[in-house]
Amino acid sequence: PIYLPPAVEMDSTEARFRLFDSVAHFLGQLAHETPLVIILDDLQGADEPSLRLLQFVVRALHDVPALLLGTFRDVALTREHRLTATLAEVLREPRTQQLALSGLSEAEVGRFIELTAGVPHAPTLTATVHERTGGNPLFVTEFVRLLIAEGVLDKRAGATRVPTTIPDGVRAVIHHRLAALPVECSAMLSAASIVGRQFRFDVLEAV
């Protein structure tokens, strides 16, 4: 059996070290019992104590059969962001590496539609979904859900038409991210969205 030591008060550096060491020891025990995969999502939202624990665990688990996978949105990082310093320290460890993920390719979007909606490959539909989503996996998923919900997918032809509405899931994500921006920045983005996906700064400034 594997036991996790009782929690300790975080009122001192020594207490914090004991807690971190207990967590690392517990995970090490689990990994020696069976290979372990730990997935931490949205690290850009982690608080300072959690990031310190992450840094401690990465160093402590260097010689056990464990994979620690963390994801974060790099667009949210700045030089002053607390995760930036943590990443710099973690990446100094010899067995760590950072992978940059891009959007899905057009072929991958087509394959996703086939598997999710159960329709044959439809080049026009695939190209449209890829163009409108930029290959963003979340946006692709929500767009395909909209196609299925509206019943426009044809089992033989792939799609009879492509709706122009924005899926609620995509709209909610965009609103959530824009809500954190200053009013002036939101106004600038609104103008930029009318100009188009690509624009010159002098045109945007004039608008």
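Provided above is the structure to which this section pertains.
Before going into details, it helps to say that this report is about the structure given with it. (Residues numbered from 1 in each chain as written. Predicted model: local features only at pLDDT ≥ 70, side-chain atom pairs only at ≥ 80, totals over all residues. Heavy atoms only, no water.)

Here we take up the side chain of T128. Here T128 lies in helix α5 (residues 123-133). Overall, the relative accessible area of 19% leaves T128 in the buried class. For T128, the side chain forms a polar contact with the main-chain oxygen of T124, separated by 2.9 Å. (Helix = DSSP H or I, 4+ residues; strand = E, 2+ residues; numbered from the N terminus. Buried < 20%, exposed > 50% of the residue type's maximum accessible area, 1.4 Å probe, protein only. Polar contact = N/O pair within 3.5 Å; in protein donor to acceptor, adjacent residues only side chain to side chain.)

The subject of this paragraph is the packing of helix α2 (residues 48-60) against helix α3 (residues 82-90). Orientation of α2 relative to α3, taken along the N-to-C sense of each, is 5°, at an axis distance of 10 Å. As far as their axial angle goes, α3 and α2 are roughly parallel. The residues of α3 that touch α2, namely those facing E48, L51, L54, Q55, V58 and R59, are R82, L83, T86, E89 and V90. Of the residues that constitute the contact of α2 with α3, the class distribution is five nonpolar, two polar and four charged. (Axes fitted to C-alpha atoms, helices over the stretch in contact; angles between N-to-C directions. Parallel < 35°, antiparallel > 145°, perpendicular 65-115°, else oblique. Contact = heavy atoms within 4.5 Å. Nonpolar A, V, L, I, M, F, W, Y, C, P; charged D, E, K, R; others polar.)

Bridge analysis of strand β1 (residues 36-40) against strand β2 (residues 66-70) gives five bridges, and the strand direction is parallel. Residue pairing across strands places L40 opposite G70, the latter belonging to β2. With α2 bridging β1 and its parallel neighbour β2, the resulting β-α-β unit is right-handed. (Pairing = 2+ DSSP bridges. Right-handed = clockwise from strand over helix to strand, strands pointing away.)

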